[in-house]
Structures are given as C-alpha cells and as structure tokens.
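# Structure assessment
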Amino acid sequence: MSLRLPQDLGSSFFPDRANDAFNHEVLAEKAASLGRAGKKLAAKLALLSEAAEGADRAPLIQAAADAAHSYFVQRELCGLYSHQGIIDDYGIPREVLARMGAR
C-alpha cells in the first residue's frame, strides 16, 4: 500500500501570507516611528521659534538639530533619501542644519 499526499496541499498552504503579514507590521511600525519623529521635530522647532533672539538659544538649537538628525535617519530607513522638501516644509533654520553636522 502506498501513501499519496493530497493534491491540494500545496494550494492550501501559503507561506507567503505569514511573510506578508510580518512585512505589513514592519511597514506600519516604520510609518508610526516616522510620524513620531516628525512630531518631535516640529515640537523642537516650535520651541526654538518661540525663543527670544537675545536668549540663550544654543540648547534649543542643539535639541532641534538632534531631532532633525533623528528624523532624517528615520526617513532614510524608510527609503526616503531626499531631505530638501522636508527642510522646506518644516522650515528648518540654517543654524539647526549647521549644528547637525557629521556624527
């Protein structure tokens, strides 16, 4: 007596579905993380813009530069490599961009 596997076994088992679900979760987390980083950048830039010109702005500039750096890194992890549009949209000042520098 020989044992024969069911013919529809291959069609009822979809290993790609599990992989697709995992990839969907990864993409969702990337998008959520990018959103959080963008909100943090916007908050730091708002604090910087509210600061008086004569006040000690160095800590605020550094905090905004750190947030911008984190946001740019997160964008690159999502496959978005052009930052000029974001710089324009958020209105990131040159002093913040200069403070980012190389790390």
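Predicted, not measured: the structure shown is a model, and the values here were computed from it.

With that settled, the discussion passes to the pattern of salt bridges. Any two side chains of opposite charge can pair if their charged atoms end up close together. If you walk through the whole model with that rule in mind, you get 2 salt bridges. Note that Glu 29 is salt-bridged to Arg 36, the shortest N-O span being 3.0 Å. Classification of Glu 29 by relative accessible area gives partly exposed; the value is 43%. Taking the shortest distance from any N to any O, the salt bridge between Glu 95 and Arg 57 comes out at 2.5 Å. Taken together, the residues span a long stretch of sequence, with Glu 95 in helix H5 (residues 94–100) and Arg 57 in the loop between helix H2 (15–50) and helix H3 (58–77) at a distance of 38 residues.

A few words now on the nonpolar core. Nonpolar side chains tend to gather and get buried jointly when the protein is soluble and globular. Within the largest apolar cluster, 17 residues are counted, with the highest numbers of intra-cluster contacts made by Leu 41, Leu 45, Tyr 71, Phe 72, Ile 92 and Val 96. Secondary-structure elements contributing two or more residues to this core are H2, H3, helix H4 (84–90) and H5.

In total, this model carries 1 aromatic pair according to the counting rule given. On the basis of an interplanar angle of 65° and a centroid distance of 5.6 Å, the ring pair of Tyr 71 and Tyr 90 is categorised as edge-to-face. Note that Tyr 71 is positioned in helix H3 and Tyr 90 in helix H4, a separation of 19 residues in sequence.

What follows covers the environment of Phe 72. With respect to the helices and strands, Phe 72 occurs in helix H3. Among the residues examined, Phe 72 registers a relative accessible area of 8% and is labelled buried. A sequence separation of 35 residues divides Phe 72 from Ala 37, and the C-alpha atoms of the two residues are 8.9 Å apart. The residues touching Phe 72, leaving out its near neighbours within four places in the chain, are His 83, Ile 86, Ile 87, Ile 92, Leu 97 and Met 100.

Okay, the side chain of Gln 74 next. Its place among the elements puts Gln 74 in helix H3. Residue classification places Gln 74 among the buried residues on the basis of a relative accessible area of 13%. Beyond its immediate sequence surroundings of up to four residues, Gln 74 is in contact with Lys 30, Ser 33 and Leu 34.

Reading the values: rules and limits
- Residues numbered from 1 in each chain as written.
- Predicted model: local features only at pLDDT ≥ 70, side-chain atom pairs only at ≥ 80, totals over all residues.
- Heavy atoms only, no water.
- Salt bridge = Lys/Arg side-chain N within 4 Å of Asp/Glu carboxyl O.
- Buried < 20%, exposed > 50% of the residue type's maximum accessible area, 1.4 Å probe, protein only.
- Helix = DSSP H or I, 4+ residues; strand = E, 2+ residues; numbered from the N terminus.
- Core = buried A, V, L, I, M, F, W, Y, C linked by side-chain atoms within 4.5 Å.
- Phe/Tyr/Trp six-rings, centres within 6.5 Å; stacked < 30°, edge-to-face > 60°.
- Contact = heavy atoms within 4.5 Å.

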